[in-house]
Amino acid sequence: MESRNYHGRNAGHNEPVLAFGSRDARNATQRTRSHYHGLIDRSVQTMMTAIPGSTIADSPATAGRPDVLGALAAVLAPANLLSRREQTAPFECDGLSTFRQVPLAVALPETEQQVRAVLRVCSALGIPVVARGAGTGLSGGAMPCADGIVLSLAKLNRILAVDPLARTARVQPGVRNLAVSEAAAQYGLYYAPDPSSQIACSIGGNVAENSGGVHCLKYGLTVHNVLGLRGYTIDGEPVDFGSAALEGPGLDLLALAIGSEGMLVVVTEVTLRLVPKPQRAQVVMASFDDVLKAGDAVAAIIAAGIIPAGLEMMDRKATNAVEPFVNAGYDLRAEAILLAESDGTHEEVAEEVAEIERVLKAAGSVGCVVSQSEAERQRFWSGRKNAFPAAGRISPDYYCMDGTIPRKHLGHVLRAIEAMEKKHALRCMNVFHAGDGNLHPLILFDANVPGEWERADAFGADILQLCVQLGGTITGEHGVGIEKINSMCVQFSPRERDAFFGVKRAFDEHDLLNPGKAIPTLARCAEYGRMRVHGGALPFADLPRF
């Protein structure tokens with residue numbers, strides 16, 4: 001029997017393990033993947049191959065490209081350049097391990113200058129580059145190319161400065177999300193975006209995927225909490241986006257770079273916005289005997305003019321999986337629970353909590369519990385933040401989706417997912433960032449059972465298509481990567497995708513930065529069945545398309 005890991009924790013251990021999928025599914029994915037190759041400047045290549053060879057032994061994968069290792073060895077210490085199979089294998093995937101590929105080599109620069117040098121070498125030789133943070137991503141965005149290198153930014157992990165007066169922090173991309181708040185705590189400040197993986201995920205990865213978290217409803221996503229970026233293009237050209245001022249000159253390229261999934265620039269420094277730690281925070285935990293009532297309650301809270309610090313929803317399958325795992329105190333009889341947090345001054349919190357309770361009861365809540373201590377508040381949230389690993393206790397594998405819908409459709413989507421469970425003969429537990437309509441259905445399956453992964457994949461595609469039909473989008477914070485690239489064909493027209501490619505070419509003409517991710521080609525969309533292509537061309541190509 002094939003051994004495999006879960007998006008969760010191994011039984012009896014505390015280490016998070018982020019992986020899933022069957023060997024057959026991985027092999028099928030690798031067979032269908034396409035990589036894009038840059039043009040090699042022959043004169044530069046001749047110069048590079050003249051560099052003395054590296055002391056690092058070539059693996060079979062790199063035996064045909066000694067010029068790459070030799071050129072990289074000239075700008076990196078031997079310990080910072082990995083090429084043996086046992087060294088590169090840990091970098092073959094991110095948290096979505098269905099998609100795997102061992103890279104040609106792994107570069108581990110320790111300075112910005114080394115990052116720039118690596119990029120210039122790869123640009124000159126036409127070598128694809130996939131930037132990587134902590135590897136906790138869930139869309140396959142950091143999966144390597146077989147003929148490329150992984151540029152790991154893990155060693156750029158210093159907090160460069162914390163300015164309590166300006167309420168900012170300058171950090172390198174390898175800094176952990178939670179480490180920023182720990183460093184700012186002495187000034188009464190913290191960094192608001194808090195993904196469930198914040199103990200491990202890096203700021204660079206958060207920037208690449210525009211990550212959110214349970215408090216993004218009130219405090220915003222990564223894009224709302226980053227003031228500036230510094231980095232390099234594939235050619236090694238330095239770029240700066242953003243400004244310390246409220247407005248900056250020119251186009252807003254900062255917002256363009258955030259969420260670009262490593263396809264435009266490699267980020268080497270980030271300036272973050274810090275916010276004051278509130279005097280008090282309390283969570284209202286409300287139980288509902290019907291998921292539709294719970295969904296309607298979310299809309300009712302926002303309609304009442306209340307913007308909670310966090311507003312999360314879990315269905316009965318999720319609470320029953322989580323409660324034995326963390327003992328959060330959840331109502332296991334409820335069909336759904338809502339967690340609504342209020343923060344601010346003592347007076348503000350007392351008034352807002354009372355109003356939240358009133359709205360929830362009017363919306364049909366069968367019970368409300370308010371946290372009475374900081375420890376209890378953290379315990380309520382621990383259940384929500386551990387929903388993913390808890391799924392590993394009740395299913396051999398699970399597939400975490402990430403779509404976004406208008407809040408008013410939450411109840412409708414939950415009912416639709418129930419119908420999809422019957423259609424695909426698979427279970428699904430639901431945890432939502434309900435306040436901003438960001439869904440995280442967890443599709444439970446067993447990769448050792450023939451056909452179950454394929455059904456899980458189809459189940460996920462159905463959920464994303466429903467999100468688009470309801471006026472939402474195919475991702476909220478996990479990114480497109482490899483996982484959702486087919487669903488891009490559902491959401492965006494050929495002309496829109498051409499515009500995306502135009503932006504890509506403006507930064508990366510030869511498609512060397514994270515190639516084959518996020519933006520589908522015409523051929524891929526045709527293969528997915530969304531359009532007919534004959535002889536490499538659309539039918540009636542002369543007709544305008546909208």
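Residues numbered from 1 in each chain as written. Predicted model: local features only at pLDDT ≥ 70, side-chain atom pairs only at ≥ 80, totals over all residues. Heavy atoms only, no water.

K.L.:
Help me understand the state of the cysteines in this model?
P.N.:
In total, this model carries one disulfide according to the counting rule given. In this model Cys489 forms its disulfide with Cys525; the gap between the sulfur atoms is 2.1 Å. Taking the torsion about the sulfur-sulfur bond, which here is approximately -85 degrees, the covalent link between Cys489 and Cys525 counts as left-handed. Of the two residues, Cys489 is situated in helix α17 (residues 488-491) and Cys525 in helix α19 (residues 522-528); the sequence distance between them amounts to 36 residues. Cys525 gets classed as buried once you look at its relative accessible area, which sits at 1%. (Disulfide = S-S within 2.5 Å. Helix = DSSP H or I, 4+ residues; strand = E, 2+ residues; numbered from the N terminus. Buried < 20%, exposed > 50% of the residue type's maximum accessible area, 1.4 Å probe, protein only.)

K.L.:
Could you clarify how one ought to interpret the pairing of strand β18 (residues 397-400) in this entry?
P.N.:
Side-chain positions along a regular strand alternate between the two faces of the sheet. Burial along β18 is two-sided: Asp397 and Tyr399 and Tyr398 and Cys400, pointing in opposite directions, are all buried. Of the pairings in the sheet, the one linking β18 to strand β21 (residues 438-445) comprises four bridges and is antiparallel in character. Bridge pairing in β21 links Tyr399 to Ile443. (Pairing = 2+ DSSP bridges.)

K.L.:
Just to check I follow, could you spell out the sheet that holds strand β11 (residues 238-242) for this structure?
P.N.:
Note: strands within a sheet are paired through backbone hydrogen bonds, in either parallel or antiparallel orientation. If you trace the five strands from one edge of the open sheet to the other, you get β7-β8-β12-β10-β11, paired in antiparallel fashion. The strands lining the two open edges of the sheet, one partner per strand, are β7 (159-163) and β11. Here the strands of the sheet are splayed against their neighbours by 10 degrees on average, with no regard to which way each runs. One ladder, built from five bridges, connects strand β10 (residues 226-232) with β11; its direction is antiparallel. Bridge pairing in β11 links Tyr232 to Pro238. Contacts from helix α5 (residues 112-125) reach β10, β11 and β12 (266-273), with the element oriented near 140 degrees to β12. Contacts between helix α6 (residues 177-184) and the sheet are confined to β7, β8 (168-171) and β12, with β7 contributing the most and set at about 45 degrees to the helix. (Axes fitted to C-alpha atoms, helices over the stretch in contact; angles between N-to-C directions. Contact = heavy atoms within 4.5 Å.)

K.L.:
Where do I start with the sheet that holds strand β6 (residues 149-152) in this structure?
P.N.:
Strand order in the open sheet formed by four strands is β3-β4-β6-β5, with mixed pairing between adjacent strands. Two strands lie at the open edges of the sheet, namely β3 (81-82) and β5 (129-132), each paired on one side alone. Two elements, strand β4 (residues 105-107) and β6, share three bridges in a ladder whose sense is parallel. Residue pairing across strands places Ala105 opposite Ile149, the latter belonging to β6. Of the strands in this sheet, β4, β5 and β6 touch α5, which is tilted by about 165 degrees from β6.

K.L.:
I would appreciate a short explanation of the packing of aromatic side chains in the present structure.
P.N.:
The geometry of an aromatic ring pair is captured by the separation of the ring centres together with the interplanar angle, meaning the angle of the planes. Applying the stated criterion to the full structure yields six aromatic pairs. Here the aromatic rings of Phe492 and Phe500 are separated by 5.1 Å at their centres, their planes lie at 80 degrees, and the arrangement is edge-to-face. Among the residues examined, Phe492 registers a relative accessible area of 22% and is labelled partly exposed. Members of the aromatic cluster, joined through ring pairs, are Tyr399, Phe445 and Trp453. (Phe/Tyr/Trp six-rings, centres within 6.5 Å; stacked < 30°, edge-to-face > 60°.)

K.L.:
Hey, could you run me through the side chain of Thr268 in this one?
P.N.:
Within the secondary structure layout, Thr268 lies in strand β12. Taking relative accessible area as the criterion, Thr268 reaches 0% and is therefore assigned buried. Here the side chain of Thr268 touches Glu112 through a polar contact of 3.4 Å, side chain to side chain. If we skip the residues at most four places from it in the chain, Thr268 touches Glu112, Val115, Leu156, Gln172, Pro173, Arg230, Gly231 and Tyr232. (Polar contact = N/O pair within 3.5 Å; in protein donor to acceptor, adjacent residues only side chain to side chain.)

K.L.:
Which parts of the structure should I look at to understand the packing of helix α15 (residues 410-424) against helix α16 (residues 452-469)?
P.N.:
Packed helix pairs are characterised by how far apart their axes lie and by the angle those axes make with each other. It is the contact of α15 with α16, at a shortest axis distance of 11 Å, that shows an interaxial angle of 155 degrees. Here α15 is positioned roughly antiparallel relative to α16, judged by the angle of their axes. Crossing geometry of α15 relative to α16 is assigned as right-handed. Residues His412, Val413, Ala416, Ile417, Met420, Glu421, Lys423 and His424 of α15 form the contact with α16, whose participating residues are Arg455, Ala458, Phe459, Asp462, Ile463 and Leu466. (Parallel < 35°, antiparallel > 145°, perpendicular 65-115°, else oblique. Left-handed = near helix turned anticlockwise from the far one by under 90°.)

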